[in-house]
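An overview of the molecular structure
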Amino acid sequence: MGIMNKLLSGGQTHSTDDYVTLDLDDFDTARGEARTQVHIAEIGGQPDVIAIKDAVYDGDIVIADVTRLRINDSTMEHIIDDLQQVAREVDGDIVQKGDDQIIIVPQGCGISRRKLA
């Protein structure tokens with residue numbers, strides 16, 4: 001008998017009759033409501049920002065698609081300014097990923113600027 005078997009079994013040997021098969025249907029596996037939600041949004045203009053701001057103020061994370069806006073458009077500048085202000089107000093973080101996404105997170109979350117792989 002290996003050392004791990006001795007440690008885990010207290011030196012006793014076990015047979016398959018010593019184990020019980022668990023059926024997940026016998027247990028309540030319902031999860032509670034999540035405290036933080038991740039929202040996906042599309043920004044086509046200034047009115048779309050209101051729902052994003054509300055979600056971030058509520059403590060949720062928003063990943064916004066901005067491909068419908070032109071990067072050098074003044075509307076895009078105003079939207080980014082508004083979202084940066086929201087991130088500052090909630091002590092959160094904001095980052096633009098490429099030319100197509102803006103990610104905004106509330107307090108307690110940070111966005112790494114380094115890729116994992």
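Quick look at the structure, then. (Residues numbered from 1 in each chain as written. Predicted model: local features only at pLDDT ≥ 70, side-chain atom pairs only at ≥ 80, totals over all residues. Heavy atoms only, no water.)

Section: helix 2 (residues 49-57)
- Burial in helix 2 covers these residues: Val49, Ile52, Ala55 and Val56. One side of helix 2 carries all its buried residues, which in axial view fall inside an arc of 125°. Facing away from the buried side of helix 2 by more than 90 degrees, the exposed set consists of Ile50 and Ala51.
- Just downstream of helix 2, Gly59 is the residue with a positive phi angle, here 95°. (Buried < 20%, exposed > 50% of the residue type's maximum accessible area, 1.4 Å probe, protein only. Helix = DSSP H or I, 4+ residues; strand = E, 2+ residues; numbered from the N terminus. Arc of directions from axis to C-beta.)

A word on a nonpolar patch on the surface
- Taken together, the side chains of Val20, Leu22, Leu24 and Phe27 define a hydrophobic patch exposed on the protein surface, amounting to about 480 Å² of accessible area.
- Looking at where Leu24 falls in the secondary structure, it is placed in the loop between helix 1 (3-9) and strand 1 (38-42). (Patch = residues over 30% accessible without salt bridge, like charges linked within 9 Å, V, L, I, M, F, W, Y side chains within 5 Å. Areas by Shrake-Rupley, 256 points an atom, 1.4 Å probe, with all protein chains shown as cover. Salt bridge = Lys/Arg side-chain N within 4 Å of Asp/Glu carboxyl O.)

Things to note about the pairing of strand 3 (residues 93-97)
- In this structure, strand 3 lies alongside strand 4 (residues 101-105), joined through five bridges in antiparallel fashion. Residue pairing across strands places Ile94 opposite Ile104, the latter belonging to strand 4.
- Connecting strand 3 to the next strand, strand 4, in antiparallel fashion are three residues, including Gly98 with a positive phi near 60°. (Pairing = 2+ DSSP bridges.)

Notes on the environment of Gly45
- Among the structural elements, Gly45 can be located in the loop between strand 1 and helix 2.
- Residues Gly45 and Met76, 31 residues apart in the sequence, show an inter-C-alpha distance of 8.0 Å.
- Among residues more than four places away in sequence, those in contact with Gly45 are Leu69 and Ile79. (Contact = heavy atoms within 4.5 Å.)

A closer look at the pattern of salt bridges
- A complete count under the given rule lists two salt bridges for this structure.
- Here Arg68 ties to Glu42 by a salt bridge, and the two come within 3.4 Å at their closest N and O atoms. Separated by 26 residues along the polypeptide, Arg68 in the loop between strand 2 (61-65) and helix 3 (74-89) and Glu42 in strand 1 bring together distant segments of the chain.
- Salt-bridge contacts for Asp93 lead to Arg113; the nearest nitrogen and oxygen are separated by 2.7 Å. Taken together, the positions of Asp93 in strand 3 and Arg113 in the segment after strand 4 put the pair 20 residues apart, joining distant regions of the chain.
- In this structure Asp93 comes out as buried when scored by relative accessible area, which is 16%.
- Relative accessible area serves as the criterion here: at 53%, Arg113 is assigned to the exposed category.

A look at the pairing of strand 2
- As defined by bridge partners, strand 1 adjoins strand 2 across five bridges and the pair is classed as parallel. Across the sheet, the residue bridging to His39 is Val62, located in strand 2.
- Remark: the strand 1/helix 2/strand 2 crossover connection has right-handed handedness.
- Sheet analysis places strand 2 next to strand 4, joined by four bridges and oriented antiparallel. The partner of Ala64 across the bridge, within strand 4, is Ile102. (Right-handed = clockwise from strand over helix to strand, strands pointing away.)

Functional significance is not addressed by these values, which are geometric in nature.
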